[in-house]
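Understanding the architecture of this molecule
Residues per chain are reported as follows:
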Amino acid sequence: MTADAATELFEEHRSVLTGVAYRMLGRVADAEDVVQEAWLRWSAATREDIREPRAFLVRITTRLAIDRLRHLHARRETYPGPWLPEPVVTDFGPAVPDTAERAVLADSVSLAVLVVLESLSPLERAVFVLREAFGFPYSEIATALDRTEAAVRQLAGRARRHVEERKPRYDVDPAERRDLTERFLAAASGDGIEQLLALLAPDVRLISDGGGKAKAARRIIETADKVGRVLFAVAADLDPDGEIRVMEINGGPAVVYIVGGEVDTVFQIEVSQGVIQCAYILRNPDKLSGLPVE
């Protein structure tokens, strides 16, 4: 295989490799580093002996992501306040025309799922991502992780039960989420808090991530009254010269607030039964710098 052919083959699978690494790590920069390391190993490999390049590349990427995840877990234990994954613009494009497949991909990259995946072991997370998000067969996952197929099935079952038990039940209708997002914007920019409170579930939760570098709550805030007052105060504190956009972030609509050409805040909601059940505020500048503003 020529060098040009090897490069072309790697680029053909780059989006899948990046998708696996991001879902494993929750951070774009870490995912890109892992994929770059996978490229270096691919370019140095004796490729004539590789019969299934896709499986080989996924195996390298997954193992590299597991190694990095083990280091990241130690850092996240001392993270100031709640941890949220780095937001990423999602556009599955014409390559994913099927509505059901799009829904699976969108759910697998949602903030709610990625937060739950943080509580899995690195091996469980790898199996869950490869199986649930990308539909890899158990035999291929077993080869990637150097485990027996029976062991992989056990890991998959344990990870799936863990996620199902802890993942909140939210509606995935994008039209409803966008409608409530726009209604939230209208209520938050109004003169009273009553309209805002009417959009919130009684047990709504607000999770903020400032990473110790931007103003954000250091704990999860609960109940409609407390969350509503915090959100209303946040909206009132926004720079009037800032720009507000609605973009698709992590599989759903999100409010992106831009100041001076840089993303200052990302706000996203989860919806169930016509009201907001959970709200996320991401303000850590290290996690927002990669979002496009042009």
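So, here is what we can say about the structure in this document. Note that the coordinates shown come from a computational prediction; the quantities given were computed from them, not determined experimentally.

Overview of the packing of aromatic side chains
- As enumerated under the stated definition, the model contains four aromatic pairs in all.
- Taking the centre distance of 5.3 Å and the plane angle of 65° together, the rings of Phe10 and Trp39 count as edge-to-face. With Phe10 in helix α1 (residues 3-25) and Trp39 in helix α2 (residues 28-44), the pair connects residues that are 29 residues apart, well separated along the chain.
- You can call Phe10 buried: its relative accessible area is 0%.
- Their ring planes at 20° and their centres at 4.4 Å tell us that Phe184 and Phe267 sit as a pair that is stacked. Linking Phe184 in helix α9 (residues 174-188) with Phe267 in strand β5 (residues 262-272), this pair joins segments that are 83 residues apart in sequence.

Quick look at the nonpolar core
- Residues Met24, Trp42 and Leu117 are the most contacted members of the largest nonpolar core, which totals 46 residues.
- Looking at this core, the elements that each hand over two or more residues are α1, α2, α3 (53-76), α5 (111-117), α6 (122-133), α7 (138-145) and α8 (149-166).
- Not counting the four nearest positions on each side in its chain, Leu117 is found in contact with Arg23, Arg125, Phe128, Val129 and Val163.
- Core analysis: the next-biggest nonpolar cluster, separate from the first, contains 20 residues, Leu199, Ala224, Leu231 and Val255 among them.

A few points about the side chain of Glu270
- Position of Glu270 relative to the elements: it lies in strand β5.
- Here Glu270 falls in the buried class, since its relative accessible area comes to 3%.
- Not counting residues within four places of it along the chain, the set of residues in contact with Glu270 comprises Ala112, Tyr170, Arg177, Val275, Ile276, Gln277, Cys278 and Tyr280.

A word on the pattern of salt bridges
- Counting across every chain of the model gives 22 salt bridges.
- The salt bridge involving Arg177 is made with Glu270; its shortest N-O contact spans 3.8 Å. Pair noted here: Arg177 is in helix α9 and Glu270 is in strand β5, with a separation of 93 residues, a long-range link.
- Arg177 gets classed as buried once you look at its relative accessible area, which sits at 7%.

Section: α9
- For α9, with 15 residues, the first-to-last C-alpha span of 21 Å sits near the 21 Å given by 1.5 Å per residue.
- What α9 keeps buried is the set Arg177, Leu180, Thr181, Phe184, Ala187 and Ala188. Down the axis of α9, the sector holding all buried residues measures 130°, keeping them to one side.
- Of the surrounding elements, those touching the buried residues of α9 are α10 (194-197), α11 (224-236), β4 (252-259), β5 and β6 (275-282).

A look at the environment of Thr148
- In this fold, Thr148 is placed in the loop between α7 and α8.
- There is a polar contact of 3.1 Å between the side chain of Thr148 and the backbone nitrogen of Ala151.

Procedures and definitions
- Residues numbered from 1 in each chain as written.
- Predicted model: local features only at pLDDT ≥ 70, side-chain atom pairs only at ≥ 80, totals over all residues.
- Heavy atoms only, no water.
- Phe/Tyr/Trp six-rings, centres within 6.5 Å; stacked < 30°, edge-to-face > 60°.
- Helix = DSSP H or I, 4+ residues; strand = E, 2+ residues; numbered from the N terminus.
- Buried < 20%, exposed > 50% of the residue type's maximum accessible area, 1.4 Å probe, protein only.
- Core = buried A, V, L, I, M, F, W, Y, C linked by side-chain atoms within 4.5 Å.
- Contact = heavy atoms within 4.5 Å.
- Salt bridge = Lys/Arg side-chain N within 4 Å of Asp/Glu carboxyl O.
- Expected span 1.5 Å × (residues − 1).
- Arc of directions from axis to C-beta.
- Polar contact = N/O pair within 3.5 Å; in protein donor to acceptor, adjacent residues only side chain to side chain.

It is worth stressing that arrangement in space is one thing and function is another; only the former is reported here.
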